[in-house]
Protein chains: 2
Amino acid sequence: MTVTDTPEGARAAYRQGAVVPTSGHASGFTQANLVMLPREWAWDMLLFGQRNPQPVPLLDVTEPGSAHTELAPGADLRTDLPLYRVWREGELVEEVPEISGLWREDLVSFLIGCSFSFERALLDAGVPVRNIEQGRNVAMFRTNRQCRPAGRLSGELVVSMRPIPAALVPTAVQVTGRMPAVHGAPVHVGDPTSLGIADLGAPDFGEPIQAQGGDVPVFWACGVTPQAALMASKPPFAITHAPGHMFVTDVPDAVYRQP
Amino acid sequence: MTVTDTPEGARAAYRQGAVVPTSGHASGFTQANLVMLPREWAWDMLLFGQRNPQPVPLLDVTEPGSAHTELAPGADLRTDLPLYRVWREGELVEEVPEISGLWREDLVSFLIGCSFSFERALLDAGVPVRNIEQGRNVAMFRTNRQCRPAGRLSGELVVSMRPIPAALVPTAVQVTGRMPAVHGAPVHVGDPTSLGIADLGAPDFGEPIQAQGGDVPVFWACGVTPQAALMASKPPFAITHAPGHMFVTDVPDAVYRQP
């Protein structure tokens with residue numbers, strides 16, 4: 001048992017300065033992507049999520065100026081993630097371990113489902129997860145599919161790719177299809193070129209994942225999609241988590257599994 | 001075949017002045033609740049829907065000033081419902097067959113799932129729907145359960161009640177549980193008093209429904225909930241559909257059924 005085995009313990013460790021990826025921490029509890037935007041842009045993001053629920057499954061949205069969420073009542077969103085990214089005019093300007101000094105009373109926080117939850121469900125169903133086997137961040141790709149725009153926000157769909165043994169593709173579809181709050185069923189199976197992906201070995205985000213013989217590339221909508229929309233749409237100010245450095249909630253993964 | 005058998009035909013009939021309940025029209029196509037609010041209040045309603053997805057399942061939300069929706073690309077939301085309600089400061093001030101004269105460029109339209117879709121699924125599964133058998137509007141009740149507030153919007157949960165034969169309650173739960181976009185599984189089975197409902201024979205909206213011997217009262221979250229929030233929270237201006245006079249979409253009901 002280490003301090004990061006519980007949600008409270010993991011958040012306390014990050015709050016006290018630990019800058020580490022959250023994968024494997026507080027196992028069994030949901031981790032979330034974070035986007036913070038001024039109230040003046042929050043409408044656009046809330047609508048973007050409503051219109052694009054597979055890449056942007058909203059688990060909670062805060063009141064302006066509140067750093068608290070129902071997903072973890074004791075947490076402070078300004079300090080309890082291990083690493084944040086600060087964006088100005090769509091450009092990444094810095095990565096910082098806490099954002100108290102950047103806090104504004106008009107900031108709205110969006111907490112968005114994360115594929116860590118469904119990777120656990122895949123493993124439970126006997127489906128190998130190659131990126132976990134290989135100790136790597138999952139491979140993510142920009143695609144030629146546009147999200148449905150919302151107000152001033154638009155951008156392409158970003159997908160994560162996992163190589164799945166051909167005989168287990170149906171299981172992978174069914175297992176993740178029962179978890180719409182964490183991206184749900186794949187958006188595409190096989191044939192990367194028709195998504196506009198030229199080379200599976202050269203991901204746009206994350207790391208390349210080695211396929212085994214008989215594996216088929218399976219693509220899920222990815223929580224990096226809102227960051228791509230920030231880059232494309234250039235709001236004056238935004239804060240997000242840094243990739244892999246998620247918000248650890250108090251919500252068991254099972255809550256987001258449908259029967 | 002009558003003009004109201006197709007979505008386009010039904011909307012054209014209402015546009016030309018037919019003021020009739022939409023139940024049974026364009027059978028097999030989804031009907032939706034409508035709420036229109038000025039952009040200045042739209043954030044609150046969008047967040048209210050995000051936080052209360054069972055009573056307020058958002059099927060589409062328009063850009064400000066747009067009277068068009070992806071749910072029916074050829075439709076005009078200002079004229080294509082049979083009857084609208086106009087609200088000022090939370091008070092119902094009039095019912096009108098079209099709202100072109102009230103249109104404002106800052107109005108945002110919210111289209112919200114409706115239980116008509118799951119009633120069809122219940123019938124398909126062999127579950128009797130007493131309000132249809134009795135030719136009545138379903139019975140709806142205010143409850144002692146508060147919705148999760150969002151900004152300036154708050155209000156109690158409103159439920160619809162259907163008497164279901166005890167042996168078919170599990171089927172009713174499972175069938176509607178697969179349709180979260182149209183209110184999903186029941187929120188409560190039996191024991192109306194613990195919801196704060198004193199008399200099933202005296203509904204707050206709709207009509208009383210006669211139970212048969214062996215029926216159990218089953219309660220679903222209801223699309224009247226946002227109208228109750230308007231009454232409680234008193235935005236300066238709002239437009240909704242009139243109860244039972246829904247927006248007929250081009251989307252087959254089956255789209256909102258999960259496998």
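- If you look chain A up in an unreviewed UniProt entry, it shows as Putative hydro-lyase FNH13_02635 from Ornithinimicrobium ciconiae.
- Reading the Sequence similarities (unreviewed entry) entry of the UniProt record for chain A gives the comment "Belongs to the D-glutamate cyclase family."

## Focus: the pairing of strand β7 (residues 156–165) of chain A
Residues and elements named next belong to chain A.
No. 1: Counting buried positions over the 10 residues of β7 gives 10, a clear majority of the element.
No. 2: Where strand β6 (residues 139–146) and β7 come together, five bridges link them in antiparallel fashion. Along β7, the bridge assignment pairs M140 with S160.

## Some points on the relation of the copies chain B and chain A
No. 1: Take chain B, turn it by 180 degrees, move it 0.0 Å along the axis, and it overlays chain A with an RMSD of 0.0 Å. The transformation relating the two chain copies, once decomposed into turn and shift, fits a two-fold axis. Within chain B, W43 of chain B has its C-alpha nearest the rotation axis, a separation of 3.0 Å.

## Some details on the packing of helix α2 (residues 39–51) of chain A against helix α2 (residues 39–51) of chain B
No. 1: It is the contact of α2 of chain A with α2 of chain B, at a shortest axis distance of 10 Å, that shows an interaxial angle of 45 degrees. Comparing the axis directions of α2 of chain A and α2 of chain B gives the class oblique. α2 of chain A and α2 of chain B meet at a crossing whose hand is left-handed. Across the interface between the two elements, R39, A42, W43, L46, L47 and Q50 of chain A of α2 of chain A pack against R39, A42, W43, L46, L47 and Q50 of chain B of α2 of chain B.
No. 2: For the contact of α2 of chain A with α2 of chain B, the residue count by class is eight nonpolar, two polar and two charged.

## Focus: the state of the cysteines
Residues and elements named next belong to chain A.
No. 1: Enumeration according to the criterion identifies zero disulfides over all chains in this entry.
No. 2: Considering cysteine sulfurs only, C222 is the nearest to C147, which forms no disulfide, with 11 Å between them.
No. 3: Residue C147 is classed as buried on the basis of its relative accessible area of 6%.

## Considering the packing of helix α3 (residues 116–124) of chain A against helix α5 (residues 169–177) of chain A
All names here are of chain A.
No. 1: One way to put it is that α3 packs onto α5 with a least axis distance of 9 Å and a crossing angle of 130 degrees. Overall, the two elements α3 and α5 adopt an arrangement that is oblique. Here α3 runs over α5; the crossing is right-handed. Taken together, the residues of α5 that come into contact with α3 (itself represented by F118, A121 and L122) are A172, V175 and T176.
No. 2: A breakdown of the residues in the contact of α3 with α5 according to their chemical character gives five nonpolar, one polar and no charged.

## Let's talk about the side chain of H183 of chain B
Residues and elements named next belong to chain B.
No. 1: The residue H183 is located in the loop between α5 (169–177) and β8 (188–189) in this model.
No. 2: H183 gets classed as buried once you look at its relative accessible area, which sits at 1%.
No. 3: A polar atom in the side chain of H183 sits 3.2 Å from the backbone oxygen of G113.
No. 4: A polar atom in the side chain of H183 sits 3.5 Å from the backbone nitrogen of G223.
No. 5: Every residue in contact with H183, bar those within four places of it in the chain, is listed here: N33, Q54, P55, P57, G113, C114, S115, F118, A221, C222 and G223.

## Remarks on the domain arrangement of chain A
Residues and elements named next belong to chain A.
No. 1: For chain A, the assigned domains are domain 1 (3–114 + 233–251) and domain 2 (116–225).
No. 2: Distance from the C-alpha centre of domain 1 to the C-alpha centre of domain 2: 22 Å.
No. 3: Counting residues at the interface gives 23 residues for domain 1 and 24 residues for domain 2.
No. 4: Buried area between domain 1 and domain 2, summed over both chains or domains, comes out near 2200 Å², and the portion from carbon and sulfur atoms is 56%.
No. 5: The largest share of the area that domain 1 buries against domain 2 comes from F48, Q54 and C114, three residues that together contribute 28% of it.
No. 6: At the boundary of domain 1 with domain 2, the tally comes to two salt bridges.
No. 7: Put simply, R152 and E40 hold a salt bridge, and the shortest N to O gap is 3.1 Å.
No. 8: For the pair domain 1 and domain 2, the number of links is 12 residue pairs in polar contact (both at pLDDT 80 or more).
No. 9: Among the elements of the structure, β1 (29–38) and α2 are those that each provide at least two residues to the side of domain 1 that touches domain 2.
No. 10: The greatest single-element share of the side of domain 1 that touches domain 2, amounting to seven residues, is contributed by α2.
No. 11: Here the side of domain 1 that touches domain 2 is composed, by residue class, of nine nonpolar, 11 polar and three charged.

## Observations concerning the pattern of salt bridges
All names here are of chain B.
No. 1: All told, the structure shown has 31 salt bridges over all chains when counted by the stated rule.
No. 2: One salt bridge in this structure joins R104 and D106, with 3.0 Å as the shortest N-O distance.
No. 3: The class for R104 is partly exposed, based on a relative accessible area of 33%.
No. 4: Residue classification places D106 among the partly exposed positions, given a relative accessible area of 26%.
No. 5: D215 is the salt-bridge partner of R130, the closest N and O atoms lying 2.8 Å from each other.

Cut-offs and rules
Residues numbered from 1 in each chain as written. Chains lettered and ligands numbered in written order. Predicted model: local features only at pLDDT ≥ 70, side-chain atom pairs only at ≥ 80, totals over all residues. Heavy atoms only, no water. UniProt positions renumbered as here; feature names shortened; annotations may be inferred. Buried < 20%, exposed > 50% of the residue type's maximum accessible area, 1.4 Å probe, protein only. Helix = DSSP H or I, 4+ residues; strand = E, 2+ residues; numbered from the N terminus. Pairing = 2+ DSSP bridges. Least-squares fit on C-alpha atoms with pLDDT ≥ 70 in both. Axes fitted to C-alpha atoms, helices over the stretch in contact; angles between N-to-C directions. Parallel < 35°, antiparallel > 145°, perpendicular 65-115°, else oblique. Left-handed = near helix turned anticlockwise from the far one by under 90°. Contact = heavy atoms within 4.5 Å. Nonpolar A, V, L, I, M, F, W, Y, C, P; charged D, E, K, R; others polar. Disulfide = S-S within 2.5 Å. Polar contact = N/O pair within 3.5 Å; in protein donor to acceptor, adjacent residues only side chain to side chain. Domains from an automatic or database assignment. Buried area = accessible area lost by both parts, 1.4 Å probe. Salt bridge = Lys/Arg side-chain N within 4 Å of Asp/Glu carboxyl O.

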